[in-house]
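Here are the chains, one letter per residue:
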Amino acid sequence: MSFFGAPVFFLAAALFALGIYGFMTRRNLIVVLMSIELMLNAANLTFLAAARGTAQANEASSYAVFVILVAAAEVAVGLALVLAVFRLKRDSDIDAARDLRG
Amino acid sequence: MPFLPLIPLLPLAGALACGLLHLQVLRARRHHADARPAEGLIGTIATLAVAAAFALSLERFFALAGSSGERVLTWRATDVWIPTGGPAIPFGFRFDALSSVMCLVITGVGALIHLYSIGYMKGDRGFARFFTYLNLFVAAMLVLVLADSMPVLFIGWEGVGLCSYLLIGFWYEEMKNAEAGQKAFVVNRVGDFGFLLAMFAAAYWTGSFEFTGVNSAVEGGKLATWQTTVLGLLLFVGACGKSAQIPLYVWLPDAMAGPTPVSALIHAATMVTAGVYLVIRTHPIFDVSPIASGVVACTGAATAIFAGSMGLVARDIKKVLAYSTVSQLGFLFLGAGVGAYGASFYHLVTHAFFKALLFLGAGSVILALHHEQDLFKMGGLRRALPGSYRTMWIGAAALAGLPLFSGFFSKDEILAGVLGGRPVFGIPGLNWVLYAVAAATALMTSFYTFRLIYLAFEGEPRGHEHPHPNPTVITLPLVVLAVASVAAAVLGLPFGISHALQHWLEPVIGEPQGHLSHSAEILLLVGSGVIALLGFAIARATYGGGLAKAEARAAARPALYNALSARWWIDELYDATVVRAVRLTSFIAGLIDAFVIDGLVNGAASLAKRGAASARRMADGSTQTYALWFGAGMVVVVASLVLLR
Amino acid sequence: MNLLREELSWITPELCLTLFACVALLVDLFVQKGRESVMVGFFSLMGLLATAFFLYRQYGVTPPAQPVFGCMVVDPFSTLFKLFAVGALAFVVLFTMLSRQTRPDGYGEFYFILLCAGLGAFFLASTYNLLLMYLGLELLSIASYILAGYAKGNRRSGEAAMKYVIFGAVASGVMLYGFTLLYGMTGSIDLTVIGPKLRDQFALDHGTIPISVATGLCLAGFAYKISAAPFHFWTPDVYEGAPTPVTTFLAVASKGAGFAALLRFLQAGFIPDRTLGGPEAMMGYSDKLGTLVAVLAALTMTLGNLAALGQTNLKRMLAYSSIAHAGYVLMGVATMNREGFSSVLFYLVVYYFMNLGAFGVVMYYANTTGDEQIDDLKGLGWRSPLVAITMVAFLVALVGLPPTAGFIGKWFLFTAAVKKGFLWLAVVAGINSAISLFYYFRVARAMWLRPEEEAKYATVHASPAFAALLLVLAVGTVWFGVGFDSLLRYCDYSQNLLR
């Protein structure tokens with residue numbers, strides 16, 4: 001259980017919390033996407049930190065690589081869709097598109 | 001027993017065939033807006049389907065009568081229709097003394113009403129749709145009475161409710177009719193809720209969904225008294241909804257919005273008696289619990305007199321009959337509540353005949369007068385519609401309980417049962433009170449029944465001069481039902497001359513409880529006869545001269561004349577007491593209807609509406625708001641896992 | 001090499017689906033413009049048929065749970081969900097081919113993305129490896145984002161996709177972080193290893209706080225995927241804005257896959273083996289988790305039903321209805337036992353039929369009228385009685401009335417919940433069912449009312465192909481309400497073997 005006492009774990013948790021906070025409070029679409037990146041990297045950091053110094057260190061690195069790849073794909077699609085909305089609305093505010101509601 | 005499932009399947013097949021023919025009509029209407037259904041074909045199919053079910057029921061009935069031993073035919077599709085954690089739910093039918101008679105009444109009266117409907121619905125755009133629903137109704141009703149377990153009965157229970165709803169709102173283009181249908185639907189859901197709870201409670205406590213299982217568990221004393229009381233009361237809530245008892249009676253008068261054959265079949269002869277049938281089917285529960293049976297008896301008596309008094313002043317010919325039906329159903333429950341199940345069932349059967357007859361007769365009048373329903377605009381139809389007049393007179397005599405008509409004997413048996421039966425709530429004196437209430441109701445019944453006859457048929461025509469005569473398909477069922485209304489008397493004549501029905505039912509309901517001495521029986525019989533004749537005499541005296549005369553006399557009421565004329569005294573008294581009492585009670589009922597029932601419904605509705613509005617406001621389209629909810633939800637989920645033990 | 005071939009043979013359905021996804025992409029390149037939808041759709045259907053064939057061969061496999069590559073398992077549970085996904089995909093492809101909304105140019109790769117999403121659902125259903133679960137989820141999600149925004153230049157479609165991608169990404173991030181915490185605690189991403197390790201930790205009675213945080217985060221992620229409150233807000237917006245075939249896919253296949261993953265996750269890690277007897281602390285934790293899910297279930301069904309009450313747009317109403325149904329299904333999850341889970345499986349199959357049908361009708365209707373308002377359904381019953389009658393069957397099933405499968409499905413969920421002691425939840429669900437009657441009934445009533453202007457849509461009739469599809473679904477909806485024995489047995493059986 002020593003892992004949960006390690007400083008790097010707290011760093012990861014802080015990153016994650018920061019990501020959630022940004023997602024909840026920021027109005028700019030690009031910043032929201034960046035916050036999501038923070039959360040994914042918090043996960044990566046936890047993966048790597050948890051395996052550090054154990055026999056699974058290599059495995060954990062490969063997990064992280066997968067996550068990085070997926071995150072890239074996700075952000076690519078996300079940015080494309082965000083841009084599409086931006087082109088229609090001319091506004092990068094997250095609440096610019098509010099046609100669907102109720 | 002492969003025949004048994006065929007009994008409901010035949011009308012179901014008829015419904016399918018009619019439904020397909022209806023679809024065909026709809027398709028044809030895409031090209032010709034006024035395409036007509038093949039009325040002869042549809043009517044024949046539908047009527048034959050029910051008639052065949054009747055023939056089959058009759059065959060089974062004789063097979064049952066010929067069998068020895070327990071006298072029951074059963075059929076099981078599967079023992080495990082729905083597996084539950086507890087007792088499995090089977091799917092099967094049970095054709096015993098009780099359900100056999102019900103089947104015969106449903107299919108017999110049903111076939112006649114189908115035949116009648118061919119004439120009544122002639123030229124209606126929804127002809128095929130009407131017969132689809134009607135056949136479907138018969139099928140569902142047969143499932144209801146044949147069911148050997150509560151869940152199967154519930155299928156029929158919901159089926160008849162659905163058909164009733166569809167048929168009340170049959171002419172749905174008129175908002176009023178559609179609303180009447182919805183009212184019936186909503187009120188019936190209250191009853192259904194009671195029934196469902198009863199079903200689950202019964203299964204939970206007795207370990208069986210089957211009637212035999214539940215009944216034997218109750219008879220074997222496996223349940224505590226409070227449990228049987230709860231069970232009985234819940235069942236009675238269900239019965240109240242279906243059989244229109246206080247406080248759930250409100251839908252039945254409105255249900256008259258449907259076509260008249262529907263009123264005759266569903267809202268007089270069959271569906272509305274389902275509640276009574278249910279009580280008799282589960283009678284051991286009521287035998288054990290004096291509270292449940294007392295509630296049944298008192299509710300029945302209260303409904304009987306209340307609805308009867310409403311019938312005294314109604315002007316709509318169908319409304320008079322509707323209130324009368326509610327009142328007679330109250331009688332049935334009164335009989336069942338004091339343990340006179342045989343008498344109650346006897347009256348159920350005779351009532352099915354004469355009330356169907358009266359409704360069909362009223363329908364023939366309405367049809368002849370081009371859909372005029374106001375009694376005050378009728379009159380003098382005796383000459384124009386002799387067939388309707390004679391048959392309806394017989395029906396009225398049976399309903400009023402004039403001596404030697406079937407209603408006389410069956411009603412008398414209930415009255416005798418009230419005095420001779422088990423004490424209500426365990427208090428012996430109460431039976432006398434209930435007897436008094438029932439006797440007063442009988443007097444009212446006789447009065448308003450003949451008021452209807454006199455207003456419609458005697459005196460001078462007040463409105464329609466030239467009613468058109470009825471075709472044979474309409475008069476034939478009237479004649480058959482009239483004969484049945486007289487002949488049904490032989491099912492249970494007093495002094496042990498004939499207790500055919502009582503003996504037949506004994507395997508199900510057991511020996512009758514309590515016996516009156518012969519002299520008491522004679523006294524009661526004479527009393528019943530006098531009450532009925534008195535009501536008849538009052539009605540004749542008041543309305544015998546025609547409405548115009550009655551009104552003229554009322555307008556020019558010289559004091560001397562008033563004082564001398566007992567008739568006028570009765571009219572005055574009638575006005576002073578009954579009308580006022582009725583106004584008061586209907587006012588109170590209106591208040592209950594407006595504040596309690598509507599209040600509950602509206603309260604729930606507005607609560608839901610407000611909830612719906614705020615639920616929609618939460619989704620305001622803003623991604624930011626959603627993000628806040630998401631984050632908050634996440635925090636709450638994690639925190640509750642961490643913090644709660 | 002033989003071993004490799006042996007293991008590969010177990011994932012032929014996945015391989016087949018991948019192959020045909022690529023074929024669809026290639027065909028799109030070579031087919032002349034304007035005919036893509038039909039041709040590519042045809043190839044996709046062929047692929048789905050072949051996949052279904054391979055799946056069917058795995059139907060009664062021995063051994064009943066075959067591990068593959070140490071990260072997946074072929075068992076009745078996954079086969080059920082894969083068949084579920086293939087069937088849903090086939091209907092969605094057919095709907096797409098018949099829909100006008102999705103017929104314009106450039107719809108070739110639509111099918112490719114759809115099949116990829118299906119592949120994601122496949123992995124989600126059969127993996128017990130957390131990383132693969134995440135990858136499957138992302139494959140499904142990313143494909144879905146694109147599909148939701150497929151109507152290019154349509155503002156609503158764009159907005160829907162934007163909302164979907166933001167919440168999807170956050171939810172998967174949250175879930176992934178939960179996974180990494182589990183990894184930190186147990187040193188493995190394999191649920192079959194994590195389960196016993198967690199059991200040990202419970203036995204030592206320490207570390208419940210990290211476990212709680214990790215499971216809470218994972219639960220939030222799953223709750224998003226199955227649109228449970230309060231993580232459901234994206235659902236109505238996305239469902240309304242996306243093209244209707246896509247909505248159908250999201251409501252049926254995507255949600256089903258989410259439930260599959262959730263069940264496997266809970267079963268592997270958090271259900272104590274009651275026959276062997278787990279540690280006391282674990283029993284308590286499992287019950288606590290169940291209670292939390294029960295609360296979420298009550299919240300979900302209530303919010304879904306209430307919001308559905310006031311809707312005027314048919315698609316949005318069905319979106320809220322699908323949220324409410326997720327609430328009912330969660331009722332079975334909350335029991336945290338075998339009976340409840342098998343009732344979940346059963347209900348999902350039922351849900352599949354009735355929702356595919358209902359959305360199919362919406363699509364037919366939107367096609368013919370270009371409109372999705374409930375009020376404009378007026379007269380549908382007179383114009384196309386067959387479509388309207390099937391719709392009534394779906395609505396009756398959605399309310400949960402006999403003799404449809406909806407009734408039986410709910411019945412099992414209710415009994416499972418009551419037996420577990422969630423009587424209050426069953427009461428809430430009962431009230432909710434009563435509420436739902438009103439808005440479903442409104443649709444049925446609208447269909448059978450006569451329209452004021454008879455001639456408005458009088459020329460439109462259902463194409464025979466479409467009517468046949470709806471009829472198949474309606475028959476299924478009613479069939480499982482009567483002859484559900486074999487399905488129930490299969491659900492129970494697959495639950496038995498879940499690891």
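Predicted, not measured: the structure shown is a model, and the values here were computed from it.

Parameters at a glance
Residues numbered from 1 in each chain as written. Chains lettered and ligands numbered in written order. Predicted model: local features only at pLDDT ≥ 70, side-chain atom pairs only at ≥ 80, totals over all residues. Helix = DSSP H or I, 4+ residues; strand = E, 2+ residues; numbered from the N terminus. Contact = placed C-beta atoms within 7 Å. Buried ≥ 20, exposed ≤ 12 C-beta atoms within 10 Å, placed from the backbone. Pairing = 2+ DSSP bridges. Axes fitted to C-alpha atoms, helices over the stretch in contact; angles between N-to-C directions. Parallel < 35°, antiparallel > 145°, perpendicular 65-115°, else oblique. Left-handed = near helix turned anticlockwise from the far one by under 90°. Nonpolar A, V, L, I, M, F, W, Y, C, P; charged D, E, K, R; others polar. Core = buried A, V, L, I, M, F, W, Y, C linked by C-beta atoms within 7 Å. Expected span 1.5 Å × (residues − 1). pLDDT = per-residue confidence, 0-100.

Glancing now at the overall build of chain A. Secondary structure assignment for chain A yields 3 helices and 0 strands. Secondary structure of chain A in N-to-C order comes out as α-α-α. Counting contacts in chain A only where the partners sit at least 6 residues apart, residues at least 24 apart contribute 49% of the total.

With that settled, the discussion passes to the overall build of chain C. From N to C terminus, chain C includes 20 helices and 2 strands. A burial count over chain C gives 64% of its 499 residues as buried. Look at the contacts in chain C between residues 6 or more apart in sequence, and 78% of them connect residues 24 or more apart.

The side chains of a regular strand alternate, first on one face of the sheet and then on the other. All names here are of chain B. Counting buried positions over the 8 residues of strand 2 (residues 89-96) gives 8, a clear majority of the element. Side chains Ile89, Phe91, Phe93 and Phe95 project from strand 2 onto one buried face, and the interleaved Pro90, Gly92, Arg94 and Asp96 project onto a second face that is buried too. Bridge analysis of strand 1 (residues 72-82) against strand 2 gives 7 bridges, and the strand direction is antiparallel. Across the sheet, the residue bridging to Trp75 is Phe93, located in strand 2.

Residues and elements named next belong to chain C. Between helix 9 (residues 208-225) and helix 11 (residues 244-270), the shortest axis-to-axis distance is 9 Å and the interhelical angle comes to 160°. As far as their axial angle goes, helix 11 and helix 9 are roughly antiparallel. Taken as a pair, helix 9 and helix 11 cross one another with a handedness that is left-handed. Here helix 9 contributes Thr215, Cys218, Phe222 and Lys225 to the contact with helix 11, which in turn contributes Gly258, Ala261, Leu262, Phe265 and Phe270. Of the residues assigned to the contact of helix 9 with helix 11, the class counts are 6 nonpolar, 2 polar and 1 charged.

So, about the interface of chain C and chain A. Each partner contributes to the interface: chain C provides 33 residues, whereas chain A provides 33 residues. Per-element accounting of the side of chain C that touches chain A gives the leading share, 19 residues, to helix 7 (residues 155-186) of chain C. For the side of chain C that touches chain A, the per-class residue count stands at 19 nonpolar, 8 polar and 6 charged.

What follows deals with the nonpolar core. Core analysis: the biggest nonpolar cluster contains 459 residues, and Leu142, Leu334, Ala356 and Ala438 of chain B together with Ala88, Leu114 and Ala334 of chain C have the highest contact counts within it. If you tally residues by element for this core, the top one is helix 14 (residues 338-369) of chain C, at 20 residues. When neighbours within four sequence positions are excluded, Ala334 of chain C is seen to be in contact with Gly290, Val293, Ala294, Ala297, Ala417, Phe422 and Leu425 of chain C.

Cis geometry marks the peptide bond from Ala229 of chain C to Pro230 of chain C; its omega dihedral reads -5°. You will see that Ala244 of chain B, though not glycine, has its phi angle at about 55°, which is positive. Along the chain, the position of Ala244 of chain B falls in the loop between helix 8 (225-243) and helix 9 (251-254). For Ala244 of chain B, a count of 29 C-beta atoms within 10 Å translates into the label buried. Despite not being glycine, Met336 of chain C has its phi angle at roughly 50°, a positive value.

On to helix 2 (residues 29-51) of chain A. With 23 residues, helix 2 of chain A extends 34 Å from end C-alpha to end C-alpha; this agrees with the ideal 33 Å at 1.5 Å per step. Count one or two residues on from helix 2 of chain A and you reach Gly53 of chain A, which has phi positive near 80°.

Attention now goes to the interface of chain B and chain A. Taken residue by residue, the interface counts 10 residues in chain B and 10 residues in chain A. The leading source of residues in the side of chain B that touches chain A is helix 26 (residues 623-643) of chain B, at 5 residues. A breakdown of the residues in the side of chain B that touches chain A according to their chemical character gives 3 nonpolar, 5 polar and 2 charged.

The subject of this paragraph is the packing of helix 14 of chain C against helix 16 (residues 385-399) of chain C. Residue and element names in this part refer to chain C. Relative to each other, helix 14 and helix 16 sit at 140°, their axes nearing to 9 Å. Between helix 14 and helix 16, the interaxial angle falls into the category oblique. Relative to helix 16, the crossing made by helix 14 is left-handed. Counting all contacts with helix 14, which are made through Met354, Gly357, Ala358, Val361 and Tyr364, the residues of helix 16 involved are Val387, Thr390, Met391, Phe394, Ala397 and Leu398. The class makeup of the residues in the contact of helix 14 with helix 16 is 9 nonpolar, 2 polar and no charged.

Turning our eyes to something else, we now look at the environment of Val165 of chain C. Along the polypeptide, Val165 of chain C turns up in helix 7. Overall, Val165 of chain C belongs to the buried group, with 29 C-beta atoms counted inside 10 Å. With 19 residues separating them in the primary sequence, Val165 of chain C and Ile146 of chain C have C-alpha atoms 8.9 Å apart. Apart from residues no more than four positions distant in its own chain, Val165 of chain C is found in contact with Val77, Gly78 and Leu81 of chain A together with Tyr145 of chain C.

Right, let's get into the confidence of the model for chain A. Put simply, chain A has an average pLDDT of 86, and 97% of its residues get 70 or more. Summarising per-element confidence for chain A, the mean pLDDT is lowest in helix 3 (residues 57-89) of chain A (88) and highest in helix 2 of chain A (91).

Our next topic: the environment of Pro11 of chain B. Residue and element names in this part refer to chain B. Structurally, the position occupied by Pro11 is in helix 1 (residues 3-29). Since 28 C-beta atoms lie within 10 Å of it, Pro11 is described here as buried. The spacing of Pro11 and Leu136 is 125 residues in sequence and 6.5 Å in space, taken between C-alpha atoms. Once residues lying within four places of it in the same chain are set aside, the contact partners of Pro11 are Ala49, Val50, Ala53, Asn135, Val138, Ala139 and Leu142.

Moving on to the environment of Thr51 of chain C. All names here are of chain C. Among the structural elements, Thr51 can be located in helix 3 (residues 36-57). Separated by 35 residues in the primary sequence, Thr51 and Val86 have C-alpha atoms spaced 7.6 Å apart. Those residues within four positions of Thr51 in sequence are excluded, and the remaining contacts are Pro13, Cys16, Leu17 and Val86.

For the rest of this paragraph, the subject is the confidence of the model for chain C. All names here are of chain C. The predicted model of chain C has a mean per-residue pLDDT of 85, with 91% of residues at 70 or higher. Within chain C, helix 13 (residues 314-334) carries the highest mean pLDDT (94), whereas helix 20 (residues 485-497) carries the lowest (76). For this predicted complex, the interface score ipTM comes out at 0.95, alongside a pTM of 0.66.

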